[in-house]
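One-letter residues, chain by chain:
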Amino acid sequence: MNDVLDVALRLVVVFAVFMVLPLVVGQTEHKVMAHMQGRLGPMYAGGFHGWAQLVADGVKFAQKEDIVPADADRRIFQLAPAVALLPYLLVLVAIPIGPSESAVGQVIDAGIFFVLAVMGVGVLGSLMAGWASANKFSLLGGLRTAAQLLAYELPMLLTAASVAMAAGTVSLPGILNAFEWWWLPWQIVGAIVFFVAGLAELQRPPFDMPVADSEIIFGAYTEYTGLRFALFLLAEYAGIVVLCGLTTVLFLGGWHGPWGADGLGWVWTLLKTAILAFGVIWLRVTYPRLREDQLQKLAWTVLIPLALAQIALTGIVKVAIQ
Amino acid sequence: MPPIPGSGLAKGLAVTLRTMTKKTVTAQYPDVQPELPPRTRGVIGLFEENCTVCMLCARECPDWCIYIDSHKETVPAAVEGGRERSRNVLDRFAIDFSLCMYCGICIEVCPFDALFWSPEFEYAETDIHELTHERDKLREWMWTVPEPPALDPGAEEPKEIAAARKAAEKLAAAQEQAAAQAPAAPEQPARQEDEGPTE
């Protein structure tokens, strides 16, 4: 009985985090983006500087009619938002935010494998949506998503493998336990490659060709309305949280920091994640969208060679220090 | 020196970060009234007493959005044996602001200073007919007309003031002369040197 309670409690906490953090990131994006463009952003909803804007948006989405196009593949069309969103919830279960056993939803021995495999499923949601919508723009968006996934999953896996090599384990808490401060300069190239590739997988600007609104309306999400559309948007922000959390855990030492081992570890994890999330927003505001061929070129001629070089470096240093 | 690769990307990030720390330019209009520049064209006010129903404004209006009705009244002679005079009396003066394009020609052309720009702009209506402002409403706008903005430093004196000042100076000079000549030749009246008319 106690075990059941324990599991239930952990799931509730993870679910709460999953519901709250993406909204916080979304609201931060509203405000940061506005101020970076010399605007104020939302000011009314909720009274104080529009803090409840996303709640208001959610209410609006819930009120809208849920439309399925006549020629659409009904089942797949309706299932796609869930497929896009749920993997991020599952990944969140495995991310440790503190040093103790209780600071992670579920310790998974093959953590990196689990996390990267499940994150890959998330992109499947966009593919399903693109194919099932019976709309040529959606299909184009879906195919662009597929091309992007193919190009960027590889550097992501390679850099994650580099960290796993350095730590000698694929468990996320295990990697953190092995972390030393000098891993930071050692793995910095890998960290950048991982982060950029993750951005591309999330289809965040400047890598948002699959939803390039000036070219293909809204890509795979063109035909979606109401709550299902909101779920796709939520998936994007959940993806930011997960990507930043993963980058923190794999490359930035997670809970390591002053007093990190004495109970303040979770503050460090959240702080580093928040800084990375700010970076995601900052990049979005600053850079224009890449062209489709530039995207492929960046992945295959820059990121993958860099990732391979990182693996080589990791291997050499690993052998040298043993 | 060739630019360092990636320096453009860094520059872009710096620009957005710098903008974030600066004050925003958003005007929070319904909460904060805008600061309008002088001579703002908001709405047209009518100072009825100055209107002679000459119809110049209505005729010059490119949109034909000014409606004027009037009738003539006879004014009895002012002096015994004089001639009766007729006078125009304004019955209706309306401006249809749904047609008005705020060119200001009516105000420019009015020879008697009966029309003025007011900076008030919050008179939107849900019914387009309400945008035809009748004379009482145009009169209400008149009380919102601001003082004319001060002249630029070194600007030419306004004609009315210049004329009045010249007359006053002439009068003062004449009195001074008279005062100077009075003890010497009291029988000689003060002579005026200038030919110009004194109003």
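Residues numbered from 1 in each chain as written. Chains lettered and ligands numbered in written order. Predicted model: local features only at pLDDT ≥ 70, side-chain atom pairs only at ≥ 80, totals over all residues. Heavy atoms only, no water.

Under the domain assignment used here, chain B contains domain 1 (43-142) and domain 2 (158-186). One C-alpha centre belongs to domain 1 of chain B, the other to domain 2 of chain B, and the line joining them spans 41 Å. (Domains from an automatic or database assignment.)

Under the UniProt annotation, "transmembrane region" (unreviewed entry) lies at residues 7-26, 79-98, 110-133, 154-176, 182-200, 229-253, 265-286 and 298-321 of chain A. With 83% helix and 0% strand, the stretch residues 154-176 of chain A has end C-alpha atoms that lie 23 Å from each other. (UniProt positions renumbered as here; feature names shortened; annotations may be inferred. Helix = DSSP H or I, 4+ residues; strand = E, 2+ residues; numbered from the N terminus.)

Residues and elements named next belong to chain A. Evaluation of the coordinates by the stated rule reveals 17 aromatic pairs over all chains. An angle of 80 degrees between the planes, with centres 4.9 Å apart, marks the rings of tyrosine 224 and phenylalanine 232 as edge-to-face. Put simply, the rings of Phe61, Phe77, Phe218, Tyr221, Tyr224, Phe229 and Phe232 pair up and form one aromatic cluster. Taking NZ or CZ as reference, lysine 60 lies 4.8 Å from the ring centre of phenylalanine 61, over its face. (Phe/Tyr/Trp six-rings, centres within 6.5 Å; stacked < 30°, edge-to-face > 60°. Lys NZ or Arg CZ within 6 Å of the ring centre and 35° of its normal.)

Let's shift gears to the sheet that holds strand E2 (residues 66-75) of chain B. All names here are of chain B. What the three strands build is an open sheet, ordered E2-E3-E5; its pairing is antiparallel. The sheet is open, and its two borders are formed by E2 and strand E5 (132-133), each paired with just one other strand. In the sheet, E2 pairs with strand E3 (residues 85-96) via 10 bridges, with the strands oriented antiparallel. Looking at E3, one finds that serine 70 is bridged to leucine 90. (Pairing = 2+ DSSP bridges.)

As a further point, take the UniProt feature "binding site: [4Fe-4S] cluster 1" (unreviewed entry) in chain B. Residues and elements named next belong to chain B. Following the UniProt record, one finds the feature "binding site: [4Fe-4S] cluster 1" (unreviewed entry) at Cys51, Cys54, Cys57 and Cys110. A maximum C-alpha distance of 10.4 Å among these annotated residues, which run over 60 residues, shows that they cluster at one spot. Of note, cysteine 57 is situated in helix H2 (residues 56-60). For cysteine 57, a relative accessible area of 9% translates into the label buried. Excluding its chain neighbours within four sequence positions, the residues that come into contact with cysteine 57 are Ile66, Ile68, Phe93, Cys106, Val109 and Leu115. Along the chain, cysteine 110 turns up in the loop between helix H3 (105-109) and strand E4 (115-118). (Buried < 20%, exposed > 50% of the residue type's maximum accessible area, 1.4 Å probe, protein only. Contact = heavy atoms within 4.5 Å.)

Enumeration over the complete set of coordinates arrives at zero disulfides over all chains. Cysteine 61 of chain B supplies the cysteine sulfur nearest to cysteine 103 of chain B, a cysteine that is in no disulfide, at a spacing of 6.2 Å. (Disulfide = S-S within 2.5 Å.)

Residues Tyr152, Phe194 and Leu250 of chain A are the most contacted members of the largest nonpolar core, which totals 86 residues. Looking at this core, the element that brings in the most residues is helix H10 (residues 226-251) of chain A, giving 16 residues. Excluding its chain neighbours within four sequence positions, the residues that come into contact with leucine 250 of chain A are Ile112, Ala160, Val163, Leu172, Ile175 and Phe194 of chain A. Counting 26 residues, the second-largest nonpolar core is a separate cluster that includes Ile66, Leu90, Ile107 and Trp117 of chain B. (Core = buried A, V, L, I, M, F, W, Y, C linked by side-chain atoms within 4.5 Å.)

Glancing now at the interface of chain B and chain A. At the interface, 13 residues of chain B touch 15 residues of chain A. Interface area for chain B against chain A, summed over the two sides, is near 1200 Å², with a carbon-plus-sulfur share of 66%. Contact with chain A buries surface across chain B, with Leu13, Met20 and Thr24 of chain B losing the most and accounting together for 41% of the total. Viewed at the interface, chain A and chain B are joined by zero salt bridges. Residue composition of the side of chain B that touches chain A, grouped by class: six nonpolar, six polar and one charged. (Buried area = accessible area lost by both parts, 1.4 Å probe. Salt bridge = Lys/Arg side-chain N within 4 Å of Asp/Glu carboxyl O. Nonpolar A, V, L, I, M, F, W, Y, C, P; charged D, E, K, R; others polar.)

For the rest of this paragraph, the subject is unusual backbone geometry. Residues and elements named next belong to chain A. Here the amide bond leading from proline 205 into proline 206 is cis, since omega sits at 5 degrees, within 30 degrees of zero. By secondary structure assignment, the location of proline 206 is in the loop between helix H8 (188-202) and helix H9 (213-216). For histidine 49, which is not glycine, the phi torsion reads 50 degrees and is therefore positive. Mapped onto the fold, histidine 49 is located in the loop between helix H1 (2-36) and helix H2 (53-63). With a relative accessible area of 38%, histidine 49 lands in the partly exposed category.

Okay, the environment of valine 109 of chain B next. When you line up the elements, valine 109 of chain B lands in helix H3. In contact with valine 109 of chain B, other than residues within four places in its own chain, are Leu56, Cys57 and Glu60 of chain B.

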